Amino acid sequence: MRTVAQQLMKEDVMANVLLAGESWVSDVVDHKGFDHFPHTQVHIGCAKLLEALRNAGHNVTHMRSHDVSTDFPYTIDELDAYDVLILSDVGANTLLLSPEVFEEGHRMPNRLKLIRDWVRGGGGLLMAGGYLSFQGFQGMANYAGTPVEEALPVRIAHWDDRVEAPEGVNPELTDVVHPITEGLDRQWPFVLGYQKLEADDDAQVLASVEEDPMLVTKTFGKGRSVAFASDISPHWAPEEFMNWPGYQRLFDGIVSWLAQE
């Protein structure tokens, strides 16, 4: 239950959102003949999504992937400052292995259990696809069999679950009527890949791609969860998808539904 202060803090926005992940650091060495030099760069993959959600009136805090292990909430009270949590391209290890655990050998709360319990108590969870989402590249995201999977509307394979589609595949709405997909085109612009997921028996599949679930929802206790099987940014989400007028409508709809507005 939110405190009065937390409720007042969100009066002027539609939803308070924490987006964890969707950034990475490149460590590159350029070779130019005899000489070479290293350089690093931080990349933010969610810039388009942040813009879309903020334009829709939501208050979004972006926690970069390398900050998640130290800064992600450890308590329900801390998570209750938000209506919606988005996990995008950040693996389970980053949430499990804080410096206190990995470097110092101390006991700390299990934040995968924390997320599950927060959703069950009324929170809203979206997991978006990517190389470190669901099970991910070579299984390194590793959410299969975890408490987060319990809260999600899908079952996750215990192996690399990517479907690469360099030719482009078009997601399509199913016949399920739902507030998230109201007003969206029946067929969406192409994506270049997605996660192969299996919908829970009590979930609703709102969109599919190549006969696999693309957009899945369910209620979990007092809360709600959504699985979006493709990415919110390149390479799986190309410019054609992110510039689609339905892009903002789609993710605004997801966040608003998760926030139980």
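Refer to the structure above for everything that follows.
Residues numbered from 1 in each chain as written. Predicted model: local features only at pLDDT ≥ 70, side-chain atom pairs only at ≥ 80, totals over all residues. Heavy atoms only, no water.

1. A word on the nonpolar core
- If you look at the biggest cluster of nonpolar residues, it comprises 76 residues, and the most contacted ones within it are Y143, W188 and L250.
- In terms of residues, this core owes the most to one element, helix α10 (residues 246-258), which gives seven residues. (Core = buried A, V, L, I, M, F, W, Y, C linked by side-chain atoms within 4.5 Å. Buried < 20%, exposed > 50% of the residue type's maximum accessible area, 1.4 Å probe, protein only. Helix = DSSP H or I, 4+ residues; strand = E, 2+ residues; numbered from the N terminus.)

2. So, helix α2 (residues 47-55)
- Among the residues of α2, L49, L50, A52 and L53 are the ones counted as buried. For α2, the arc enclosing every buried residue in end-on projection is 165 degrees, short of the 170-degree limit, so these residues lie on one face.
- Of the residues trailing α2, G57 is marked for its positive phi of about 105 degrees. (Arc of directions from axis to C-beta.)

3. Observations concerning the sheet that holds strand β9 (residues 172-173)
- One open sheet holds the eight strands; their spatial order is β4-β1-β5-β6-β14-β13-β12-β9, and the pairing between them is mixed. Strands at the two margins of the open sheet, each flanked by one partner only, are β4 (59-63) and β9.
- Pairing between strand β5 (residues 84-88) and strand β6 (residues 124-128): five bridges, direction parallel. Bridge pairing in β6 links L87 to M127.
- Lying over the sheet, α2 contacts β1 (16-21), β4 and β5, oriented at roughly 160 degrees with respect to β4.
- Helix-sheet contacts for α10 involve β1, β5, β6, β13 (212-220) and β14 (223-228), and the interaxial angle to β14 is about 155 degrees. (Pairing = 2+ DSSP bridges. Contact = heavy atoms within 4.5 Å. Axes fitted to C-alpha atoms, helices over the stretch in contact; angles between N-to-C directions.)

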